[in-house]
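Geometric and topological summary
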Amino acid sequence: MAILITGGAGYIGSHTVLYFLNQGEEVIVLDNLEKGHQQAILGATFYKGSLHDEALLTELFEKHKIDAVIHFAASSLVGESVEKPLEYYENNVIGTHKLVKQMVKHDVKHIVFSSTAATYGEPKSIPIKETDPTSPTSPYGETKLAIEKLFHWCDGAYGLKSVCLRYFNAAGADPEGRIGEDHTPESHLIPIVLQVALGQREHVQIFGGDYDTKDGSCVRDYIHVMDLAEAHYLALQKLRRDDKTAIYNLGNGKGFTVKEVIETCRSVTGHPIPAVVSARRPGDPATLIASAEQANKELGWKPKYPQLEAIVRHAWNWHEAKPKGYETN
Ligand code: UFG
């Protein structure tokens with residue numbers, strides 16, 4: 001039996017593919033390579049194409065004995081989603097609808113879904129629990145929440161069982177340096193800071209210095225991408241074992257300010273990394289920290305790399321070895 005991983009050429013997807021292959025699973029990847037990199041897929045059977053290609057989806061489900069789906073394929077930039085809501089609803093909600101239609105048709109009952117802390121919007125309390133209110137502040141968060149709800153109703157109607165994983169801030173890279181993060185343009189904090197260390201940018205901008213946090217910059221919960229990958233595997237094991245729908249937060253339960261992240265990058269890289277405080281980025285909550293107690297308890301998930309230092313070190317190993325990302329391969 002094979003596992004279909006959609007979006008398996010992307011950052012979190014490719015690390016999850018690697019993790020599943022290491023567990024001896026047979027993996028099929030579907031990715032349109034709009035944002036992903038084929039070089040990031042180490043060893044799976046690869047199909048280039050989109051969720052909107054129903055003929056390709058049919059072929060894939062008919063040709064392979066797919067026993068579960070791990071679903072990453074999506075547009076995933078908060079700011080861009082505000083500019084292009086139609087594109088986000090089409091890619092994320094309609095794309096998932098087409099995927100689920102095929103799953104139901106081919107009697108595939110298990111899906112692990114890449115959801116996000118953006119489903120909560122501005123949090124009411126910290127740390128954030130799965131039972132806290134969801135009120136997204138962007139089309140990105142809205143589409144992810146809409147998909148979670150689609151899964152809920154499909155459970156009742158068709159017995160489709162899902163585990164939705166709400167990630168906080170994914171960071172780091174494969175500890176062995178084989179794959180890492182490569183977005184164009186880059187918008188995430190840690191790779192941007194490391195680009196300064198590499199001399200590719202003059203300085204990093206700190207978006208907002210007047211938040212109600214210990215040093216005025218935003219607080220986030222950074223979680224190692226390989227720990228996220230493992231959570232997908234544990235989620236699938238749980239689906240196979242218990243056959244029950246669930247939602248889990250994935251984070252370390254510890255927050256770091258933007259200034260602390262930059263400081264950690266300075267100490268890991270030995271580079272001064274100039275930083276300039278600039279205006280707030282619209283839509284950024286001051287603090288996002290996960291309560292991942294449920295995932296710890298029910299999935300048996302315990303992050304292997306909870307220290308920010310290890311997360312940054314693995315990211316730095318990758319960026320230093322591949323300063324142009326996959327282009328240099
Ligand atoms: N930041 C800067 N300067 C930069 C880039 C980021 O100060 O050049 C700050 C941001 O303002 C934020 C923090 O660094 O406070 C982290 O920003 P990222 O862009 O790396 O990540 P986000 O917290 O904005 O986004 C992440 C995921 C999204 C998800 C969101 C949930 O990448 O997919 O968390 O709110 F939707």
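Everything below is about the structure printed above this text.
Residues numbered from 1 in each chain as written. Predicted model: local features only at pLDDT ≥ 70, side-chain atom pairs only at ≥ 80, totals over all residues. Heavy atoms only, no water.

**Observations concerning the overall build of the protein chain**
Looking only at helices and strands, the protein chain has 10 helices and 13 strands in total. What you see for the protein chain is a C-alpha radius of gyration of 19 Å, in line with the 20 Å of a compact globule of 329 residues. Counting only C-alpha atoms, the protein chain reaches 55 × 45 × 40 Å along its principal axes. Every one of the 329 residues in the protein chain was classed for burial, and the buried ones make up 55%. Sequence-distant contacts in the protein chain: of pairs separated by 6 or more residues, those separated by 24 or more amount to 77%. Positive and negative side-chain charges of the protein chain, numbering 34 and 42 respectively, have mean locations separated by a distance of 2 Å. (Helix = DSSP H or I, 4+ residues; strand = E, 2+ residues; numbered from the N terminus. Rg over C-alpha atoms; globule rule 2.2 N^0.38 Å. Buried < 20%, exposed > 50% of the residue type's maximum accessible area, 1.4 Å probe, protein only. Contact = heavy atoms within 4.5 Å. Lys, Arg positive; Asp, Glu negative; His and termini not counted. Charge placed at Lys NZ, Arg CZ, Asp CG, Glu CD.)

**With respect to the site of the ligand**
With respect to spatial proximity, 20 residues lie near the ligand, and among them Asn169, Leu189, Gln205, Arg281 and Asp284 are the closest. At a separation of 3.4 Å, an oxygen atom of the ligand approaches a polar backbone atom of Ser187. Between an oxygen atom of the ligand and a side-chain N or O atom of Asp284, the distance comes to 2.5 Å. Expressed as a share of its isolated accessible area of 690 Å², the protein-covered part of the ligand is 90%. (Near = heavy atom within 4 Å. Polar contact = N/O pair within 3.5 Å; in protein donor to acceptor, adjacent residues only side chain to side chain. Areas by Shrake-Rupley, 256 points an atom, 1.4 Å probe, with all protein chains shown as cover.)

**So, the pattern of salt bridges**
Tallied over the entire structure, the rule returns 18 salt bridges. In this structure, the salt-bridge partner of Asp107 is Lys109, at a minimum N-O distance of 3.3 Å. The class for Lys109 is partly exposed, based on a relative accessible area of 34%. For Glu263, the salt bridge goes to Arg266, with nearest N and O atoms at 2.7 Å. Of this pair, Glu263 and Arg266 both sit in helix α8 (residues 258–269), three residues apart, roughly one helical turn. (Salt bridge = Lys/Arg side-chain N within 4 Å of Asp/Glu carboxyl O.)

**Brief notes about the nonpolar core**
Of all hydrophobic cores here, the largest spans 44 residues; its most connected members are Ile5, Ile12, Phe20, Leu165, Leu250 and Trp301. Contributions of two or more residues to this core are made by β1 (2–6), α1 (11–22), β2 (26–31), β4 (66–71), β6 (161–167), α7 (225–242), β11 (246–250) and α9 (293–299). Counting residues per element, this core draws most heavily on α7, at 10 residues. In terms of nonpolar packing, the next biggest core, distinct from the first, is built from 26 residues, Val258, Ala286, Leu308 and Ile311 among them. (Core = buried A, V, L, I, M, F, W, Y, C linked by side-chain atoms within 4.5 Å.)

Any functional reading would require information that these geometric values do not contain.
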